[in-house]
2 protein chains.
Amino acid sequence: MELNNTTQYAIRMLSYIANSHGKLQNAKELSQILAIPYKFLTKIMTELVKSEFIISIRGREGGYKLAKPASQIMVLDILNQFGDIVKENQCILGIGTCDSENKCSLHDQWVTPKEMMIKMFAETSLENLEGDEFKI
Amino acid sequence: MELNNTTQYAIRMLSYIANSHGKLQNAKELSQILAIPYKFLTKIMTELVKSEFIISIRGREGGYKLAKPASQIMVLDILNQFGDIVKENQCILGIGTCDSENKCSLHDQWVTPKEMMIKMFAETSLENLEGDEFKI
DNA sequence: TCTTAATACTACCTTTAAGTAGTATTTAAT
DNA sequence: ATTAAATACTACTTAAAGGTAGTATTAAGA
Ligand code: SF4
Ligand code: SF4
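Residues numbered from 1 in each chain as written. Chains lettered and ligands numbered in written order. Predicted model: local features only at pLDDT ≥ 70, side-chain atom pairs only at ≥ 80, totals over all residues. Heavy atoms only, no water.

> Even after reading the chapter, I still don't get the protein's contact with DNA strand C, so can you show me in this structure?
Around DNA strand C, a shell composed of 25 residues is seen, among which Ala27 and Ser56 of chain A together with Lys39, Phe40 and Lys43 of chain B lie nearest. Those atoms of DNA strand C that come within 4 Å of the protein belong to sugar or phosphate at a rate of 61%. Between a phosphate oxygen of DNA strand C and a side-chain N or O atom of Tyr64 of chain A, the distance comes to 3.4 Å. Gly59 of chain B has a polar backbone atom sitting 3.3 Å from a base oxygen of DNA strand C. (Near = heavy atom within 4 Å. Polar contact = N/O pair within 3.5 Å; in protein donor to acceptor, adjacent residues only side chain to side chain.)

> Help me understand the packing of helix α1 (residues 5–18) of chain A against helix α2 (residues 27–34) of chain A in this model?
Think of two packed helices as two axes; the pair is described by the angle between the axes and how far apart they sit. Residue and element names in this part refer to chain A. Orientation of α1 relative to α2, taken along the N-to-C sense of each, is 110°, at an axis distance of 11 Å. Relative to α2, the element α1 lies roughly perpendicular. Note that α1 runs across α2; the crossing there is right-handed. Side by side, α1 and α2 meet where Arg12, Met13, Tyr16 and Ile17 of the first sit next to Leu30, Ile33 and Leu34 of the second. In terms of residue class, the contact of α1 with α2 is made up of 6 nonpolar, no polar and 1 charged. (Axes fitted to C-alpha atoms, helices over the stretch in contact; angles between N-to-C directions. Helix = DSSP H or I, 4+ residues; strand = E, 2+ residues; numbered from the N terminus. Parallel < 35°, antiparallel > 145°, perpendicular 65-115°, else oblique. Left-handed = near helix turned anticlockwise from the far one by under 90°. Contact = heavy atoms within 4.5 Å. Nonpolar A, V, L, I, M, F, W, Y, C, P; charged D, E, K, R; others polar.)

> Looking at this structure, how should I read helix α2 (residues 27–34) of chain B?
The α-helix winds at 3.6 residues per turn, so residues separated by three or four positions along the chain end up facing the same way. Residues and elements named next belong to chain B. Buried within α2 are the following residues: Ala27, Leu30, Ser31 and Leu34. Here the buried residues of α2 occupy an arc of 100° about the axis, which is enough to place them on one side. Facing away from the buried side of α2 by over 90 degrees, the exposed positions are Lys28 and Gln32. Buried positions along α2 lie against α1 (5–18), α3 (38–50) and β2 (63–66). The N-cap of α2, judged by a side-chain oxygen 3.2 Å from the amide nitrogen of Lys28 a few residues on, is Asn26. (Buried < 20%, exposed > 50% of the residue type's maximum accessible area, 1.4 Å probe, protein only. Arc of directions from axis to C-beta.)

> For this particular structure, what's the right way to read the protein's contact with DNA strand D?
The local shell around DNA strand D holds 27 residues, among which Pro37, Lys39, Lys43 and Gly59 of chain A together with Ser56 of chain B are the closest. Measuring from a phosphate oxygen of DNA strand D, one finds a backbone N or O atom of Asn5 of chain A at 3.0 Å. Residue Ser56 of chain B places a side-chain N or O atom 2.6 Å away from a phosphate oxygen belonging to DNA strand D. Residue assignment for the surface near DNA strand D shows that the elements contributing at least two residues are α1 and α3 (38–50) of chain A together with α3, β1 (54–57) and β2 of chain B.

> Help me understand the environment of Ala10 of chain A in this model?
Residue and element names in this part refer to chain A. Tracing the chain through its elements places Ala10 in helix α1. Assessed through its relative accessible area of 0%, Ala10 is described here as buried. Setting aside residues up to four positions removed in sequence, Ala10 forms contacts with Ile44, Leu48, Ile78 and Phe82.

> What's the story with the side chain of Asp84 of chain B in this structure? I'm lost.
Tracing the backbone shows Asp84 of chain B in the loop between α4 (75–81) and α5 (107–123). Polar contacts involving the side chain of Asp84 of chain B include one to the main-chain amide nitrogen of Asn4 of chain B, which spans 2.8 Å. Discounting residues that sit within four places of it in the chain, Asp84 of chain B has contacts with Met1 of chain A together with Leu3, Asn4, Thr7 and Leu79 of chain B.

> Which parts of the structure should I look at to understand the pairing of strand β2 (residues 63–66) of chain A?
For a regular strand, side-chain orientation follows a simple rule: the groups alternate between the two sheet faces. Residues and elements named next belong to chain A. In the sheet, strand β1 (residues 54–57) pairs with β2 via 4 bridges, with the strands oriented antiparallel. Its bridge partner being in β2, Ile54 is matched across the sheet by Leu66. Between the end of β1 and the start of β2, which pair antiparallel, lie 5 residues, with Gly59 showing a positive phi angle near 80°. (Pairing = 2+ DSSP bridges.)

> Would you take a moment to explain the packing of aromatic side chains for this structure?
The geometry of two aromatic rings is summed up by the distance between their centres and the angle between their planes. Residue and element names in this part refer to chain A. Inspection of every chain in the model, using the stated rule, returns 2 aromatic pairs over all chains. The interplanar angle of 85° and the centroid separation of 5.7 Å between the aromatic rings of Tyr9 and Phe40 together place this pair among those described as edge-to-face. Of the two residues, Tyr9 sits in helix α1 while Phe40 sits in helix α3, which places them 31 residues apart along the sequence. Stacked on the ring of Phe53, the Lys or Arg Lys68 has its end atom at 5.6 Å from the ring centre. (Phe/Tyr/Trp six-rings, centres within 6.5 Å; stacked < 30°, edge-to-face > 60°. Lys NZ or Arg CZ within 6 Å of the ring centre and 35° of its normal.)

> Looking at this structure, I do not really get the environment of Gln109 of chain A. What am I missing?
Among the secondary structure elements, Gln109 of chain A is positioned in helix α5 (residues 107–123). The spatial distance from the C-alpha of Gln109 of chain A to the C-alpha of Glu29 of chain A is 44 Å, given a sequence separation of 80 residues. Those residues in contact with Gln109 of chain A, other than ones at most four positions away along the chain, are Met120 and Thr124 of chain B.

So, in structure tokens, the structure goes:
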């Protein structure tokens with residue numbers, strides 16, 4: 001019951017970059033600051049570049065920056081990119097597709113928290129995650 | 001964001017056995033009915049026996065039954081046994097320990113669904129999961 | 001132009017979860 | 001006693017996630 005490691009790293013990386021107001025960030029420093037293994041960070045970063053969350057500048061003095069305003073990058077988009085989705089019909093037990101006709105007794109209790117989580121992920125942008133008072 | 005496979009199997013196995021009112025169930029049939037690979041099912045079952053969810057009777061005419069009333073086996077106990085826990089202080093991002101003093105903006109939105117889920121798992125017993133109308 | 005510091009690419013290694021195979025042990029029925 | 005049908009044990013294999021290594025490419029700056 002946790003987001004996978006890669007997703008967590010991606011959120012932290014994007015969140016940190018969102019917080020640096022357009023200044024290019026390079027992988028070496030990010031790796032140290034965020035305590036993410038350098039090679040793994042660059043691997044994830046490349047995926048973020050391909051999926052157009054990030055723009056990279058190669059060569060000396062290069063680095064990474066957001067590809068669009070922080071307010072337009074939702075946490076849910078990141079989860080989707082890394083396959084860490086909470087589907088609308090997803091069963092809490094993972095058994096099947098939730099179906100209000102033929103359901104287990106967890107079903108009704110599961111609907112509300114599931115919807116709250118989806119809403120939370122869908123409505124929270126990197127901008128909302130910004131701020132030095134937060135420990136990301 | 002899903003329970004792991006082993007946990008899901010365990011819930012379904014226990015749930016089915018809870019539904020059979022004390023009649024011994026054997027691994028071969030369970031495997032067919034629940035569509036869980038026989039060898040994997042017996043492996044999980046052995047863990048359920050050791051952790052005292054299940055009593056096994058060996059030898060011919062043997063099988064499995066609940067070790068205690070269905071009403072006393074909570075879904076949360078099963079999650080705990082298989083390490084699939086939602087901890088009270090667990091961060092939705094998996095980054096650290098949630099701390100209401102120094103928090104990200106997801107924190108407050110995360111508290112409610114998290115508590116609902118924990119409550120749901122803690123208060124739902126195998127008895128609550130019983131019933132032929134449910135598709136487990 | 002050469003060096004250096006950055007990202008990108010390809011391929012591999014490691015760890016963990018999931019699943020399988022074979023044998024040993026137990027016990028009721030014959 | 002023997003057989004058959006069940007669980008238990010030990011060890012292995014496979015698949016997926018997480019992580020690493022080495023090299024190629026790019027571009028600013030001396
Ligand atoms: S009804 Fe229950 S078991 Fe069935 S899909 Fe929904 S949560 Fe899962
Ligand atoms: S405050 Fe936010 S980032 Fe920090 S532990 Fe809580 S949910 Fe996670």
